[in-house]
Amino acid sequence: MHIQLEKLRSFVLIAEEKNLTRAASRRHSTPAAVSTQLKQLEDSLGLQLFERSSRGMLLTEAGLTLLPLAYRILGNLAELETTARAISGQRKRQLLLGLNALPELLRIETVLETTARELPDVSLVIKSSNSAEIQQLVQAGDLDVGFVYGGSDHRDLTRIVLGQIQVVTIAPLNGGPDYLPDSASELATLPWISPSPACPYIDLMKEAMGGHYPAANLVATSDDEYSTIAMVKAGLGLGLVESHLAEMAAARHEIRLVPDTAQPVALYLVVRQDRLQQIPELQGFTRLVEAQWLGEQPAPAASESPAVTPSGAPA
């Protein structure tokens, strides 16, 4: 069985957008071409991956099962490409980029492609971590730039709002409430896997429980979302996880999603202000990422290297 990566990318983007036109826009392609790639992928697998409905293109059971594998393949490819570029581009300006989520969720494929085209003198090296650590590493100068969820401003950092993610509540397959109670006091009595104090998700928990948070039933603390999923899967309690990760875990029948619990958290790109002023390539890359998310055409800085020609691409 031969499956082209381009078909996998179209599969992932349709799953995220639930719409052929929007997926095609992110692929810099046409709905017809993306639809053809999907049909070819379904034919090669012998499976139907989507069902059309009034809510858009929704994943079938087979699609839900295969989506995490597709993310993993594309994520490994992104890491391989950036490592290879780092090895072959020792004379280029290396920028250390922190990822706090799966590469596809952060549109890294498009970022890599546009960086190679518009910033040929830049070599990206990717490090994956959690939001709190990434902001600390950027602040300390151990990373040049990174993606983070929420967090607080710092006088040494520029934090650019890119958009929002959705955080949902997850529960064990065989336990926990069908719906969360409206009462803050009842909410605090339920068993919870607490995010670490540095995680922005803890602010969502504190806000929901209000004055009852100090007495909340916190049965464990998790340093990352994968640990949260593992603890919830083990039946310890409820947890807060980014919606795409939660949906993939639910598709693997590890946990279940608690309905009507989605809460927004801002996604930022963080960079040290002094480095942003001193490194033209970092200026160009920061504007490039912002353009991918906001759909804008970045304007070149006065200090930009003549070899760099920034341009935007649809978000």
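If you're wondering where the values come from, they're calculated on a predicted model, not measured in any experiment. (Residues numbered from 1 in each chain as written. Predicted model: local features only at pLDDT ≥ 70, side-chain atom pairs only at ≥ 80, totals over all residues. Heavy atoms only, no water.)

J.: Would you mind showing me how to read the pattern of salt bridges here?
T.: Pairing between side chains of opposite charge can happen when their charged atoms approach one another. On inspection of all chains with the given rule, the structure shows 14 salt bridges. For E109, the salt bridge is made with R9, and the minimal N-O distance between the two is 3.1 Å. In this pair, E109 sits in helix 5 (residues 108–118) while R9 sits in helix 1 (residues 5–17), placing the two residues 100 residues apart along the sequence. Residues E109 and R9 agree in their burial class; the two are buried. Among the salt bridges present, the one from R26 reaches E16, with a minimum N-O distance of 2.9 Å. Here E16 lies in helix 1 and R26 lies in helix 2 (residues 20–26), a separation of ten residues in the sequence. Side by side, R26 and E16 carry an identical accessibility label, which is buried. (Salt bridge = Lys/Arg side-chain N within 4 Å of Asp/Glu carboxyl O. Helix = DSSP H or I, 4+ residues; strand = E, 2+ residues; numbered from the N terminus. Buried < 20%, exposed > 50% of the residue type's maximum accessible area, 1.4 Å probe, protein only.)

J.: Can you help me understand the side chain of K7 in this one?
T.: Its location among the elements puts K7 in helix 1. The side chain of K7 is buried and forms no salt bridge, while D43, the nearest opposite charge, is found at 8.7 Å. Once residues within four sequence positions are removed from consideration, K7 is found in contact with Q37, Q40 and L41. (Lys, Arg positive; Asp, Glu negative; His and termini not counted. Contact = heavy atoms within 4.5 Å.)

J.: Would you explain the packing of aromatic side chains in this entry?
T.: Evaluated as defined, the whole model comprises two aromatic pairs. Between F11 and F50 the ring centres are 5.8 Å apart and the planes differ by 70°, which places this aromatic pair in the edge-to-face class. With a gap of 39 residues between them, F11 in helix 1 and F50 in strand 1 (residues 50–53) connect regions that are remote in the sequence. Exposure remark for F11: the relative accessible area of 2% places this residue in the buried category. The interplanar angle of 15° and the centroid separation of 6.4 Å between the aromatic rings of Y149 and Y201 together place this pair among those described as stacked. Highlighted residues: Y149 in strand 5 (residues 145–149) and Y201 in helix 8 (residues 201–209), separated in sequence by 52 residues. According to the relative accessible area criterion, Y149 is buried, its value standing at 5%. (Phe/Tyr/Trp six-rings, centres within 6.5 Å; stacked < 30°, edge-to-face > 60°.)

J.: Help me understand helix 9 (residues 225–233) in this model?
T.: In an α-helix, one turn spans 3.6 residues; hence positions three or four apart end up facing the same way. Every buried residue of helix 9 is accounted for by E225, T228, I229 and V232. Relative to the axis of helix 9, the buried residues are bounded by an arc of 100° and lie together on one face. Residue D224 occupies the N-cap position of helix 9, its side-chain oxygen lying 3.0 Å from the main-chain nitrogen of Y226. The positive-phi residue at the C-terminal boundary of helix 9 is G235, with phi of around 90°. (Arc of directions from axis to C-beta. Polar contact = N/O pair within 3.5 Å; in protein donor to acceptor, adjacent residues only side chain to side chain.)

J.: When you look at the nonpolar core in this model, what are you seeing that I'm missing?
T.: Soluble globular proteins: nonpolar side chains tend toward being buried together. In terms of nonpolar packing, the biggest core is built from 80 residues, with F147, F285 and V289 touching the most fellow members. Membership of the second largest hydrophobic core comes to eight residues, among which are I134, L137, V148 and V270. (Core = buried A, V, L, I, M, F, W, Y, C linked by side-chain atoms within 4.5 Å.)

J.: Looking at this structure, how should I read the confidence of the model for the protein?
T.: The predicted coordinates should not be examined in detail at positions where pLDDT is low. Averaged over every residue, the pLDDT of the protein is 85; the share at 70 or more is 90%. Considering only residues more than four positions removed or in separate chains, one finds that residues 296–315, a stretch of pLDDT under 50, has 47 contacts. (pLDDT = per-residue confidence, 0-100.)

J.: What is the right way to read the packing of helix 1 against helix 3 (residues 31–45) from this model?
T.: When two helices pack together, you describe them by how their axes are tilted relative to each other and by the distance separating the axes. One can describe the packing of helix 1 onto helix 3 by two numbers: an axis separation of 9 Å at closest approach and a directional angle of 110°. When the interaxial angle is binned, helix 1 and helix 3 end up roughly perpendicular. Residues E6, K7, S10, F11 and I14 of helix 1 pack against V34, Q37, L38, Q40 and L41 of helix 3. Along the lines of polarity and charge, the residues of the contact of helix 1 with helix 3 split into five nonpolar, three polar and two charged. (Axes fitted to C-alpha atoms, helices over the stretch in contact; angles between N-to-C directions. Parallel < 35°, antiparallel > 145°, perpendicular 65-115°, else oblique. Nonpolar A, V, L, I, M, F, W, Y, C, P; charged D, E, K, R; others polar.)

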